[in-house]
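# Summary of structural features
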2 protein chains.
Amino acid sequence: MAPTTNARVLFASIPKGIHLAVDFPIPGETTVYDTSQQIDLEHVPLNGGFLIKTLVLSIDPYMRGRMRAPETKSYSTPFTLGAPLVGYGVGVVLRSEASDVAPGKYVYGDSIPHQQYAVLANMDGFDFLERNPKLPWTVYVGAAGMPGKTAYMGWKEFSQAKKGETAFITTGAGQVGSMVIQLAKRDGLKVIASAGSEEKVKFMKSIGADVAFNYKTTDTREVLAREGPIDIYWDNVGGDILDAALEHANIFGRLLMCGMISGYNTGYAPNKNMHLTFGKSLTINGILVFHLQQKHNAEFYSKIPALLAKGELKYTEEVHRGLESVGEAILRVQKGMNTAKTVIVVAEE
Amino acid sequence: MAPTTNARVLFASIPKGIHLAVDFPIPGETTVYDTSQQIDLEHVPLNGGFLIKTLVLSIDPYMRGRMRAPETKSYSTPFTLGAPLVGYGVGVVLRSEASDVAPGKYVYGDSIPHQQYAVLANMDGFDFLERNPKLPWTVYVGAAGMPGKTAYMGWKEFSQAKKGETAFITTGAGQVGSMVIQLAKRDGLKVIASAGSEEKVKFMKSIGADVAFNYKTTDTREVLAREGPIDIYWDNVGGDILDAALEHANIFGRLLMCGMISGYNTGYAPNKNMHLTFGKSLTINGILVFHLQQKHNAEFYSKIPALLAKGELKYTEEVHRGLESVGEAILRVQKGMNTAKTVIVVAEE
């Protein structure tokens, strides 16, 4: 078989805020779709590893943090300039020299390169997946993947949820937030949820939020003053909303810190209310799914895909097709323009 | 017996920052020593309550928070303008109409009025104390009182201390901080401790701190970069030092929020580093001794006074004599000029 194109999405430059007032990643500049590479699928050397065909890739908010200079420390590894982006994805094994990896197997992990085909050295950092026949692979990078795990494992580990309590969940229309809303409702809580559009408000109500509002047009403090105090706060935004949550937290409140989309592109807004932690005996927990997986992975896969397949847990997706759509999809996520969990279908099986 | 003077310390005005650049409480203005009241100890009506003679009073940092307008919400009850201050103290019962309170008993609580004699309605909020014969009553408002309890119960409940870990303790020469240093050393930790004078640094070393420094002359971040990362942070200051601790916290670090002396008089400095909570899976717990006492009180009194009496736990006191010294003592504490836990001996037994 003749060599075939191996299209890739390269990390081409660090966002610098030259073209826009703030430094959002720019498609075609921060990331570049590249078709210059060829691959011979039958003969490419595997060196003891295995060759995958990439099926789906996940576009996640945290990817912005990897678009940085390597000298800036953070919890995620920075992307390498000139190399493909890497992220969560699912691939199918085409060829293998690894004794534990058979062709036809499906692998999932956070280090799938943004290219059509890739040779992986070994299974470190990857898991084999079995697909529930009622679910597409895209769900396995969303509600049944990292975002779903973040929600499920963070909630399970840190919420200490008790029936009748009140939870406030930010970015409630996102994949993590929408899962948290549903988990909170299943636990018998009153759920207040916020997001940035009327469409998202409708969606949050449709999945069970008791109080859903658009934080761009409604004052968060007014809602919390009326509907609170809040026993659990799920933070995906940080900044002033975190301060508002600290103000309206109940005694013994739990604040689950999952992300800060408000700060990723424009800098983190300072918090003024940390002195409220001791007066109200609050607990704040940072959530990093990587630290929770070992404990909760088996339970997650045994429960969540089945509930999603039965429709007892709802999910939505914004599906883009082809690696050429990655740059725009990333920008949509960073700007909050995406309507749901954003995934790229790179190839059908 | 003829009526006798019942000297008091009245809350006369809310600190306003007119006379000083910042609004520290001013002796003689914020608080006024008053000798105008007389009391007839034999005939003063008890109305079913009991009469105490105040022996010792505690001067604590948190008292600043009570010197506020009643409409400003906080976790502590505001002082009443024109009425005596109230705070932690020990009194001996002189007369009683309460069936559960016998003359000669010693009572301890956080609502002892700053006056020589007081009629208390009942034991709500008070405990009976028995004194270890080797300890003066002053210790029962310090290392064996609320500050000691705050240290012991906060550490016990939230530190998750493991031998070999590193703890960073601020205001390490204060009653709370110095107790935490010693508890951390007893648990086998490496202890980094900071305070604001060379004298305090010496004291912190004398009670076991492995690394002690003066934060006014030494850069906290440099110390933490060299001696960290820190697994446990005991925060009594807040502001930029809390941010430094977040920067140098280890993965799975625990931050115990106990107070923010840096903000009580000049406003709370904002925090810029709350986004580090999720990357490092940090846990932050607010400590309010009031919420921990029920669980830990019995164990505290069975262990700590004995260790203090034997010298296995060290404590220091700055003892002032007479109610007339209260105003100055409060200011010294707020300015960090006190050399040790500050107590007022109102009367000998």
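In the annotation of an unreviewed UniProt entry, chain A is listed under the name Alcohol dehydrogenase and assigned to Mycena pura.

What follows deals with the overall build of chain A. A tally of regular secondary structure across chain A gives ten helices and 17 strands. Radius of gyration (C-alpha) of chain A: 21 Å, near the 20 Å computed for a compact globule of 349 residues. Viewed in the frame of its principal axes, chain A has a C-alpha envelope of about 65 × 45 × 35 Å. Expressed as a percentage of the 349 residues in chain A, the buried residues total 57%. Look at the contacts in chain A between residues 6 or more apart in sequence, and 69% of them connect residues 24 or more apart. Looking at chain A as shown, the accessible area adds up to about 14200 Å², and 52% of this sits on carbon and sulfur atoms. Averaging the locations of the 35 positively and 35 negatively charged side chains of chain A gives two centres separated by 5 Å.

This brings us to the interface of chain B and chain A. How big an interface is tends to be stated in terms of accessible area lost as the parts join. At the junction of the two partners, chain B supplies 27 residues and chain A supplies 27 residues. Interface area, chain B with chain A, both sides summed: about 2400 Å², of which 66% is carbon and sulfur. Of all residues in chain B, M274, F278 and H291 of chain B bury the most surface against chain A, accounting for 28% of the area lost on that side. Taken together, the links from chain B to chain A amount to zero salt bridges. The tally of links between chain B and chain A comes to eight residue pairs in polar contact (both at pLDDT 80 or more). For the side of chain B that touches chain A, the secondary-structure elements that each account for two or more residues are β14 (249-257), α8 (276-279) and β15 (283-286) of chain B. Looking at the side of chain B that touches chain A element by element, the count peaks at four residues for β15 of chain B. Residue composition of the side of chain B that touches chain A, by class: 16 nonpolar, ten polar and one charged. Here strand β15 (residues 283-286) of chain A pairs with β15 of chain B via three bridges, running antiparallel.

Further remarks concern unusual backbone geometry. Of the consecutive residues G228 of chain A and P229 of chain A, the connecting peptide bond is found in the cis state with omega at 0 degrees. Tracing the chain through its elements places P229 of chain A in the loop between α5 (220-227) and β13 (230-235). Positive phi values are uncommon outside glycine, yet N47 of chain A reaches one of about 50 degrees. Note that N47 of chain A resides in the loop between β4 (38-39) and β5 (50-59). What makes N47 of chain A exposed here is its relative accessible area of 72%. The phi dihedral of T171 of chain B is positive, around 45 degrees, even though this residue is not glycine. The residue T171 of chain B is located in the loop between β10 (166-169) and α3 (175-186) in this model. A relative accessible area of 23% places T171 of chain B in the partly exposed class.

Turning our attention to helix α4 (residues 198-206) of chain A. All names here are of chain A. K200, V201, F203 and M204 are the residues of α4 that are buried. Around the axis of α4, the buried residues are gathered within 160 degrees of arc, so they sit on the same side. Facing away from the buried side of α4, by more than 90 degrees, are the exposed residues E199, K202 and S206. If you follow the buried residues of α4, they end up packed against α3 (175-186), β11 (190-195) and β12 (211-214).

Next up on the list: the environment of S74 of chain B. Residues and elements named next belong to chain B. On the secondary structure map, S74 appears in the loop between α1 (63-66) and β6 (86-96). Residue S74 is classed as partly exposed on the basis of its relative accessible area of 41%. Once the C-alpha coordinates of S74 and L41 are considered, the two residues, 33 residues apart in sequence, prove to be 36 Å apart.

The two copies are related by a screw motion: chain B maps onto chain A through a turn of 180 degrees and a shift of 0.0 Å along the axis, at an RMSD of 0.0 Å. Taken together, the rotation and translation relating the two chain copies correspond to the operation of a two-fold axis. Of all interface residues in chain B, 100% are interface residues in chain A too; the two copies therefore contact each other through one and the same surface.

Time to look at the environment of I284 of chain A. Residue position: I284 of chain A is located in strand β15. Sequence-wise, I284 of chain A and G91 of chain A are 193 residues apart; in three dimensions their C-alpha atoms are separated by 36 Å. Apart from the residues within four sequence positions on either side, I284 of chain A is in contact with L255, M257, M274 and T277 of chain A together with M274, L282, T283 and I284 of chain B.

A word on the pattern of salt bridges. Applying the stated criterion across every chain, the model contains 30 salt bridges over all chains. Put simply, E247 of chain A and R221 of chain A hold a salt bridge, and the shortest N to O gap is 2.9 Å. In this pair, E247 of chain A is assigned in helix α6 (residues 239-247) and R221 of chain A in helix α5, connecting sequence segments 26 residues apart. Its relative accessible area of 33% is what places E247 of chain A among the partly exposed residues. With its nearest N and O atoms 3.9 Å apart, the salt bridge here joins R186 of chain B to E312 of chain B. Taken together, the residues R186 of chain B in helix α3 and E312 of chain B in the loop between α9 (289-310) and β16 (317-321) connect sequence positions 126 residues apart. Among the residues examined, R186 of chain B registers a relative accessible area of 46% and is labelled partly exposed.

Residue and element names in this part refer to chain A. Burial along strand β16 (residues 317-321) is one-sided: E318 and H320 are buried, and none of E317, V319 and R321, which face the opposite way, are. Bridge count for β16 against strand β17 (residues 341-345) is five bridges, and the pairing is parallel. Across the sheet, R321 pairs through a bridge with V345, a residue of β17. Tracing the backbone out of β16, into helix α10 (residues 326-335) and back to the parallel element β17 gives a crossover that is right-handed.

About the thresholds
Residues numbered from 1 in each chain as written. Chains lettered and ligands numbered in written order. Predicted model: local features only at pLDDT ≥ 70, side-chain atom pairs only at ≥ 80, totals over all residues. Heavy atoms only, no water. Helix = DSSP H or I, 4+ residues; strand = E, 2+ residues; numbered from the N terminus. Rg over C-alpha atoms; globule rule 2.2 N^0.38 Å. Buried < 20%, exposed > 50% of the residue type's maximum accessible area, 1.4 Å probe, protein only. Contact = heavy atoms within 4.5 Å. Areas by Shrake-Rupley, 256 points an atom, 1.4 Å probe, with all protein chains shown as cover. Lys, Arg positive; Asp, Glu negative; His and termini not counted. Charge placed at Lys NZ, Arg CZ, Asp CG, Glu CD. Buried area = accessible area lost by both parts, 1.4 Å probe. Salt bridge = Lys/Arg side-chain N within 4 Å of Asp/Glu carboxyl O. Polar contact = N/O pair within 3.5 Å; in protein donor to acceptor, adjacent residues only side chain to side chain. Nonpolar A, V, L, I, M, F, W, Y, C, P; charged D, E, K, R; others polar. Pairing = 2+ DSSP bridges. Arc of directions from axis to C-beta. Least-squares fit on C-alpha atoms with pLDDT ≥ 70 in both. Right-handed = clockwise from strand over helix to strand, strands pointing away.

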